[in-house]
Amino acid sequence: MNTDQIHNLQQLLHDKLGLVSTHQIKIKKMSGGAIQENWLLQDQAFSLVLRKNAESGVAVSSDREQEYLLLERLYQFGIKVPQPFYFEKASNLLNSDFFIMNKIEGITEGHKLVRMSDDEKRKRIIQDIGTQLALIHAIQADEPLERLFKKPNKDYYLETKLDTFIEQLDALQRNRPVLEYAIRWMKKNQPKVDDLVLVHGDFRTGNIMVEDDHVSGILDWEFTQWGDRREDIAWFTAKCWRFGQDKNVAGGIGSYKDFMTAYAEQAEIYIPEFEMKFWHVLSHVRWAIIAMQQSNRNDDMQKPSLELALTEFMVPRLEKNILDILGEKE
Amino acid sequence: MKEQKIIDLINASQAIIKSELLPHMSQNKYDLLMLLKSFEILRAYILKKEGFSQRSTGILQDYFHFPIIDAQDAMAHLCSDLREGVQIDNVLELLEALNTEELNVIESKVAQDG
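Below or above, wherever it landed, is the structure these notes cover.

The rules behind the values
Residues numbered from 1 in each chain as written. Chains lettered and ligands numbered in written order. Predicted model: local features only at pLDDT ≥ 70, side-chain atom pairs only at ≥ 80, totals over all residues. Heavy atoms only, no water. Helix = DSSP H or I, 4+ residues; strand = E, 2+ residues; numbered from the N terminus. Buried < 20%, exposed > 50% of the residue type's maximum accessible area, 1.4 Å probe, protein only. Contact = heavy atoms within 4.5 Å. Axes fitted to C-alpha atoms, helices over the stretch in contact; angles between N-to-C directions. Parallel < 35°, antiparallel > 145°, perpendicular 65-115°, else oblique. Nonpolar A, V, L, I, M, F, W, Y, C, P; charged D, E, K, R; others polar. Phe/Tyr/Trp six-rings, centres within 6.5 Å; stacked < 30°, edge-to-face > 60°. Lys NZ or Arg CZ within 6 Å of the ring centre and 35° of its normal.

Focus on the environment of W235 of chain A
All names here are of chain A.
Link 1 in the chain: Within the fold, W235 resides in helix α8 (residues 229-237).
Link 2 in the chain: Note on W235: relative accessible area 3%, which makes it buried.
Link 3 in the chain: Note: C-alpha distance between W235 and V281 (46 residues apart in sequence) is 9.8 Å.
Link 4 in the chain: Ignoring any residue separated from it by four or fewer positions in sequence, one finds W235 in contact with G201, D202, F203, R204, W241, S283, R286 and W287.

Spelled out as structure tokens, the structure:
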């Protein structure tokens, strides 16, 4: 941010939130978040995060206003999200819709969480993660939520999702035979969808803030929608999100059993691990498509991003994971 | 221009990142690691692209049973067959073979280090 933007931001904090900032205010872009940008706004009296669009986005992620309204609702439900304070539409000081929320304490860095040496602590963490996910899935649809995300028909839900993958692949103009095969396999092996719940959409190690031995916050709600609960469970337990700790199926942090037992205690629904096969394939196909979409974003960027360029090269490893699942090696 | 000189340039670039930049620029560690990864991919691509192309074409040729002139067209044709559900014998082996060729380029350092 430039000097004018910083000054205007300080003015906004004062006018809209009653916060007085000093010359020691820290305004710093935070790491992570390839699709949106998160900026730390920190001074003696406050610690906030400003969230705005990155230079170009991925089509399926929700807009900032939608995410802000969702956070408001989730906060009211008692879900562990940052408290949202303020939203502003674009054509403002930042050339992007943005919102400001409270900063939650804790760590999100996946490579740190999965390498914690205290087994008992990791077990408590994974159990709390299971509980928190069950609380999200327990949220009942109401008018404010349905205004944000219209609930689809569960009978066509999966077929529509798989058809969307095909459309996205065609739009990407890449020849990915493994993904074609995986989508075909999924079409032939669709499980029954019992009910649609509110799914986070990107529930994984890296988006879960942990303080000591519990979840302090769940971040990045731009992919939230109504879906099958197994999508979130599979995304969290997918091999691609274990940060190299492949034996710890639950987010690289702990066992599927510990995670699911805690989930089931809250949700009164136990999803056995063998049910994850279909949903793990779906997770990897979805992530591969998003990775290619992110790589394509460089075409729209004023300054090319190395991070985005490298996402293209994640796809073969994701496809290897798919092949291992389908070949029963995973 | 000799290909080896390009490889030498990549090696020297990686060396300076590891020895001069990474130890002194912890704030930019992530960016520097991404740069190292990029150079690895570039080096592997330069060294292996001919073999990659030949072997991938060979794998596709085994599937189609006729000479492949354009590997990209052949890949598109394979994708089309898969989408339509054409019965393919040993399809997983075919896909794994193609995938292994790509991983040999993209994850060549992992392959080297074991």
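So, next bit.
Describing the packing of α8 of chain A against helix α10 (residues 276-296) of chain A
Residue and element names in this part refer to chain A.
Link 1 in the chain: α10 packs onto α8 with a crossing angle of 70° between their chain directions and a minimal axis gap of 8 Å. Overall, the two elements α8 and α10 adopt an arrangement that is roughly perpendicular. Where α8 abuts α10, its residues R230, E231, I233, A234, W235 and T237 lie against M276, W279, H280, S283, R286 and W287.
Link 2 in the chain: Of the residues assigned to the contact of α8 with α10, the class counts are six nonpolar, three polar and three charged.

Examining the packing of aromatic side chains
By convention here, two paired aromatic rings are described through the distance between centres and the angle between planes.
Residue and element names in this part refer to chain A.
Link 1 in the chain: Under the criterion given, the structure shown has twelve aromatic pairs over all chains.
Link 2 in the chain: Aromatic side chains F236 and F259 sit 4.9 Å apart centroid to centroid with 40° between the ring planes, which places their arrangement in the tilted category. Within this pair, whereas F236 is found in helix α8, its partner F259 is found in helix α9 (residues 256-267), the two being separated by 23 residues in sequence.
Link 3 in the chain: Judged by relative accessible area, which is 0%, F259 ranks as buried.
Link 4 in the chain: Through pairs of rings, three or more aromatic residues link up here, namely F203, F236, Y256 and F259.
Link 5 in the chain: Above the ring of F77, the side-chain terminus of R73 is found at 4.6 Å from the ring centroid.
Link 6 in the chain: Positioned above the aromatic ring of W241, the side-chain terminus of R204 is 4.3 Å from the ring centre.

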